[in-house]
Amino acid sequence: MRRNIAGTAIAMIILCISAAHGAFEDIGMGARPLSMGSAFVANADGAGAIFWNPAGVVRTDRREITMSYLELYDLVSYSSLGYAHRIEIGSIGVGVVSSNDVDGAYQETTLALSGAGEISRGLNLGANVKYLFSVANTGNMRIGGGKGLALDLGCQYNVLDDAVLLGASLQNLVSYVWYNRETVKDIPGAKYSEGLDVLYRIGASVKPERLFPSVQNAILSFEFSQGHIHAGAEHTFWE
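Since we're looking at a predicted model, the values are computed, not measured.

Caption draft 1: Up close: the overall build of the protein. Each helix and strand counted, the protein has two helices and 11 strands in total. Taken from N to C terminus, the helices and strands of the protein fall in the order α-α-β-β-β-β-β-β-β-β-β-β-β. Looking at the protein residue by residue over its 239 residues, the buried ones come to 42%. A separation threshold of at least 6 residues defines the contact pool for the protein, and within that pool the share at least 24 residues apart is 52%.

Caption draft 2: Highlighting the packing of aromatic side chains. Under the defined criterion, the tally for this structure stands at four aromatic pairs. With a centroid separation of 4.9 Å and an interplanar angle of 70°, the aromatic rings of Tyr176 and Trp178 are classed as edge-to-face. Measuring from centroid to centroid gives 5.9 Å for Tyr200 and Phe224, while their planes differ by 40°, and the two rings are tilted. Of this pair, Tyr200 sits in strand β9 (residues 199–206) while Phe224 is found in strand β10 (residues 218–225), placing the two residues 24 residues apart along the sequence.

Caption draft 3: Local environment of the pattern of salt bridges. Following the criterion strictly, the structure yields six salt bridges and no others. Between Asp45 and Arg32 there is a salt bridge, with the nearest N and O atoms lying 3.0 Å from each other. Taken as a pair, Asp45 in the loop between α2 (31–35) and β1 (64–72) and Arg32 in helix α2 lie far apart in primary sequence, 13 residues in all. Judged by its relative accessible area of 29%, Arg32 is partly exposed. With a closest N to O distance of 3.7 Å, Asp61 and Arg62 form a salt bridge.

Caption draft 4: Structural view of the nonpolar core. Counting residues in each nonpolar core, the largest one holds 17 residues, and the members touching the most others are Phe40, Ala44, Ile50, Phe51, Trp52 and Val57. Among the elements of the structure, β2 (76–87) and β4 (106–120) are those that each provide at least two residues to this core. Among the nonpolar cores identified, the runner-up in size contains seven residues, and Ala23, Phe24, Leu132 and Val177 belong to it.

Caption draft 5: Region of the structure containing the environment of Arg86. Along the polypeptide, Arg86 turns up in strand β2. Overall, the relative accessible area of 40% leaves Arg86 in the partly exposed class. Separated by 31 residues in sequence, Arg86 and Gly117 have C-alpha atoms that sit 9.7 Å apart. Dropping the residues within four chain positions of it, Arg86 is found in contact with Val58, Thr60, Arg62 and Ser91. In terms of polar contacts, Arg86 uses its side chain to reach the backbone carbonyl oxygen of Val58, at 2.5 Å.

Scoring rules and cut-offs
- Residues numbered from 1 in each chain as written.
- Predicted model: local features only at pLDDT ≥ 70, side-chain atom pairs only at ≥ 80, totals over all residues.
- Heavy atoms only, no water.
- Helix = DSSP H or I, 4+ residues; strand = E, 2+ residues; numbered from the N terminus.
- Buried < 20%, exposed > 50% of the residue type's maximum accessible area, 1.4 Å probe, protein only.
- Contact = heavy atoms within 4.5 Å.
- Phe/Tyr/Trp six-rings, centres within 6.5 Å; stacked < 30°, edge-to-face > 60°.
- Salt bridge = Lys/Arg side-chain N within 4 Å of Asp/Glu carboxyl O.
- Core = buried A, V, L, I, M, F, W, Y, C linked by side-chain atoms within 4.5 Å.
- Polar contact = N/O pair within 3.5 Å; in protein donor to acceptor, adjacent residues only side chain to side chain.

Below you can see the structure in the form of structure tokens.
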């Protein structure tokens, strides 16, 4: 009995904390972006761009799929799946990110529909329309959850024939999530709503081979996001 009460209390706390600025956090998904120090907004391409900068979805000439999984501090697991392909007027994609804690008390899912296109020479624009869903429970009893919508916008600009790429994205530029907390024992239920924090990324990637011809198939990337500076590098050994 005490264990059930404690489990219910923990799940309620998680639900309340998640509704107050901790919900649907962007931790970054994908081995390639994370290996580049999360400096990926300018270099994002293909299916992986869904989670970093939707404008980069147009930078693919084939059908592409991406998958990733990670555990954060042995407390929360995250998994993602994305797909993108080229169409006549640009590119479209779909991506899903899901997370849950080790006890299964709180789960979140984000489904994104992406579209991107080149609106002028070297300038790409893209957007994600996202459906957000969360649920909190203890054992087999659901005690609350949330549903909502959000919009991401992104752009990329190609300078000097791919020698320099500039990128920027705004996640959750418009968002609204409705929460419903059930009445459990002596804890009253409640209904409330809120918007998510707007997240920004601004960055650039450079191919040093233009200045140093001996350095082939390398990319240097830099990014400023949420008050932090990120930097990374990539080298392709074969294509």
